[in-house]
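Breakdown of the fold
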Amino acid sequence: MDGPAIAADTKPWRDPSANPFISVRGVTKRFGDFTAVSNVDLDIFKGELFCLLGESGCGKSTLLRMLAGFEQPTEGSIRIDGEDMARVPPDRRPTNMMFQSYALFPHMTVEKNVAYGLLREGMKKSDAYAKAAEMLRMVKLEKLARRKPDQLSGGQRQRVALARSLVKRPKLLLLDEPLGALDKKLREETQFELIKIQETLGVTFIVVTHDQDEAMTLATRIGVMKDGIIEQIGEPREIYETPRSRFVADFIGTVNLFEGVVEAAAPDMMRIATPDLGDVMVLPQEGLTRGQTIWGAVRPERFALTRKRPEDMPNAWEGVVEEMGYIGHMSQYRVRLPSGALIRASQSNRLREEAPISWDEKVWISVPPAAFRVLTE
Ligand SMILES: Nc1ncnc2c1ncn2[C@@H]1O[C@H](COP(=O)(O)OP(=O)(O)OP(=O)(O)O)[C@@H](O)[C@H]1O
Ligand SMILES: [Mg+2]
C-alpha cells in the first residue's frame, strides 16, 4: 500500500508546497474540429476521492480516458506519480478504469470475473481467488460468487465490476459512473461503502458522475465541468457556498439569482440595485466597479420567513406565499414579491409554537447581507 488515505483534517490541496499525485496541464482533446476537453489544469492528491461532475457530453469520460491512457491528449501533459504519461500505454499505468459501460465476461462466474486480471498476470490460482473473495466481501456479494453475470441484477453486476477494478489495488482508480445502475437506496449505501473502501485501501479515486448529490456525499473535492472546461474545483462545501459562476451555483443545489448593478460600495457594505428586489445590501467584494452588472446568488435556506417585519434587517420584503411544499424535516416555499419576482425559500421544521406559515399568507422574507454571493459571470 502506498501510504494512508487522506485523514479528514489534512487537505493537501490547501498546501501550496504539497506534491500532487496527478498533475494535468493544459490538456485539450479534439475529435476532428470538435473540442471535447479544453485546456484543463488539474492537480489531484494521493488518497483523494475526486469527483468530476457535469452534464452529459461535457467531456468527463474523455478526460478520464486520457488519464487511463485510452485516449491521447491533442495538447498538454499528464503526470501520474511524478512520471510523464505521454508514452505510457494503459496497461503500464498505475491506474485501473471501470468503464461507464463495463462488460463482465458472461461465461465466467462472478468470482472468476473478479480474479481474472490477477490470473492473467500469473498469480497463483488460490491467491487470486482469495483476493477476489476479499473484494466480493467488500462489495457484499460473497454469497453470489458462483453465479454468472446474467443471473445478477443490474446493481449487482455493477458491484462485480467495481470489485474487479479494485482487486488489483491500483494506485489510481478511475470510475466512470460506477453507481449509475443502482437504485437510490443501494446507491447511497454503496456510496458509503466506496468511501470506506477508499479509506481502507488508500487508493486514489477519480469518480465521474452527473449526480450532484453523489458528488457532494463522496468527494474530497469536486471538479465541475461544462463544455470541456473545468468551471470550478473545490471542496463540496466551497462549491456550494462560494460558486464562482451562475452555472456552478445553479448546477449544484437550488439557487435564487438576481441580476443587478453595483450602486455604491462602502468599506463595510455594498449596495446593488436589482429589478427583482430593489436595492439590496451585500458584503463588499473586491474588483467591482460602480455600474457593473452582477448577479446575487442566494440559497433558499438563507431566507427567513416571518409574520412580523424582522428588526435590523436591511434586506427584507413583504410577499405572499404562492406555493408551499412540506417535505418532513423542511418546508419549501415560493414567495411572490410585488415586483413579480418569485423567491424560493426553505425553512427547517423544528418544533414551533406558532402554526407554520402556509399558502396565501402574507409574509416577510429577509436575508442577511452575507448570504448574497456576488457573481460576475
Ligand atoms: N471518439 C469520439 N469522436 C468524436 N466525438 C467524441 C468521441 N468521444 C467523445 N466525443 C464527444 O465528446 C464530447 C464529450 O464526450 P464524453 O463521453 O467525454 O462526455 P461525458 O461528459 O462523459 O458525457 P456522459 O455523461 O453522457 O457520459 C461529446 O460531445 C461526445 O459526443
Ligand atoms: Mg461519460
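Computed from a predicted model, the values in this text were never measured in an experiment.

1. Regarding the pattern of salt bridges
With the rule as written, the count across this model stands at 20 salt bridges. The structure contains a network of salt bridges with shared partners spanning K11, R14 and E235.

2. Describing helix α4 (residues 154–166)
If you check α4, its first and last C-alpha atoms are 19 Å apart, about what 13 residues at 1.5 Å a residue would give, namely 18 Å. Taken together, the buried positions of α4 are G155, Q158, R159, V160, A161, L162, A163, S165 and L166. Its buried side turned inward, α4 meets β6 (95–98), α2 (110–120), α3 (125–138), β7 (172–176), α5 (184–201) and β8 (204–209).

3. Looking at the sheet that holds β6
Pairing within the open sheet is mixed, and its 6 strands lie in the order β6-β7-β8-β3-β9-β10. Of all strands in the sheet, those bounded by a partner on one side alone are β6 and β10 (229–234). Averaged over neighbouring strand pairs, the angle between their axes works out to 15° when direction is ignored. Against the sheet, α4 contacts β6, β7 and β8, and its axis sits at roughly 170° relative to β6.

4. Focus: the site of ligand 1
Around ligand 1 lies a shell formed by F31, F34, A36, E55, S56, G57, C58, G59, K60, S61, T62 and Q100. The side chain of S56 places a nitrogen or oxygen atom 2.5 Å from an oxygen atom of ligand 1. Considering ligand 1 on its own, with 630 Å² of exposed area, one finds that the protein chains cover 62% of that surface. Contributions of two or more residues to the shell around ligand 1 are made by β2 (34–44) and α1 (60–68). The greatest single-element share of the shell around ligand 1, amounting to 3 residues, is contributed by α1. Per-class residue counts for the shell around ligand 1 are 4 nonpolar, 6 polar and 2 charged.

5. As for the confidence of the model for the protein chain
Summary statistics for the protein chain give a mean pLDDT of 90 and a share of 97% for residues scoring 70 or more. Considering only residues more than four positions removed or in separate chains, one finds that residues 1–5, a stretch of pLDDT under 50, has 9 contacts.

6. Observations regarding α3
The periodicity of an α-helix, 3.6 residues per turn, causes residues three or four places apart in sequence to face the same way. The end-to-end C-alpha separation of α3 is 20 Å, in line with the 20 Å expected for 14 residues at 1.5 Å each. Among the residues making up α3, those that are buried are A128, Y129, A132, M135 and L136. All buried residues of α3 fall inside an arc of 120° around its axis, so they share one side. Lining the buried residues of α3 we find α2, α4 and α5. Trailing α3 by a residue or two, K140 shows a phi angle of about 60°, which is positive.

7. Quick notes on unusual backbone geometry
Excluding glycine, residues mostly carry a negative phi; peptide bonds, for their part, are mostly trans. Of note, D227 is a non-glycine position whose phi angle comes to about 45°, a positive value. Phi is positive for D312, which is not a glycine, with a value near 55°. Mapping D312 onto the fold places it in the loop between β15 (304–306) and β16 (316–327). By relative accessible area, which is 77% here, D312 ends up exposed.

8. Observations concerning the domain arrangement of the protein chain
One can read the domain layout of the protein chain as domain 1 (12–249) and domain 2 (256–375). On a C-alpha basis, the centres of domain 1 and domain 2 stand 39 Å from each other. Of the residues lining the interface, 9 residues belong to domain 1; the matching set on domain 2 comes to 7 residues. In total, domain 1 and domain 2 occlude about 770 Å² of area from one another, counting both sides; carbon and sulfur atoms represent 51% of this. Of all residues in domain 1, Y240, R246 and A249 bury the most surface against domain 2, accounting for 67% of the area lost on that side. The tally of links between domain 1 and domain 2 comes to 0 salt bridges. In this assembly, domain 1 and domain 2 are joined by 4 residue pairs in polar contact (both at pLDDT 80 or more). Looking at the side of domain 1 that touches domain 2 element by element, the count peaks at 3 residues for helix α7 (residues 236–241).

9. Some remarks on the packing of α2 against α3
When two helices pack together, their arrangement is captured by the angle between the axes and the distance separating the axes. Where α2 contacts α3, the two axes come as close as 8 Å, and the packing angle between them is 125°. In terms of axis orientation, α2 runs oblique to α3. Here α2 and α3 pass one another in a crossing that is right-handed. Seen from α2, the contacting residues are V110, E111, K112, V114, A115, L118 and L119; seen from α3, they are K125, A128, Y129, K131, A132, M135 and L136. Looking at the contact of α2 with α3 residue by residue, the classes come out as 10 nonpolar, no polar and 4 charged.

Conventions used here
- Residues numbered from 1 in each chain as written.
- Chains lettered and ligands numbered in written order.
- Predicted model: local features only at pLDDT ≥ 70, side-chain atom pairs only at ≥ 80, totals over all residues.
- Heavy atoms only, no water.
- Salt bridge = Lys/Arg side-chain N within 4 Å of Asp/Glu carboxyl O.
- Helix = DSSP H or I, 4+ residues; strand = E, 2+ residues; numbered from the N terminus.
- Expected span 1.5 Å × (residues − 1).
- Buried < 20%, exposed > 50% of the residue type's maximum accessible area, 1.4 Å probe, protein only.
- Contact = heavy atoms within 4.5 Å.
- Pairing = 2+ DSSP bridges.
- Axes fitted to C-alpha atoms, helices over the stretch in contact; angles between N-to-C directions.
- Near = heavy atom within 4 Å.
- Polar contact = N/O pair within 3.5 Å; in protein donor to acceptor, adjacent residues only side chain to side chain.
- Areas by Shrake-Rupley, 256 points an atom, 1.4 Å probe, with all protein chains shown as cover.
- Nonpolar A, V, L, I, M, F, W, Y, C, P; charged D, E, K, R; others polar.
- pLDDT = per-residue confidence, 0-100.
- Arc of directions from axis to C-beta.
- Domains from an automatic or database assignment.
- Buried area = accessible area lost by both parts, 1.4 Å probe.
- Parallel < 35°, antiparallel > 145°, perpendicular 65-115°, else oblique.
- Left-handed = near helix turned anticlockwise from the far one by under 90°.

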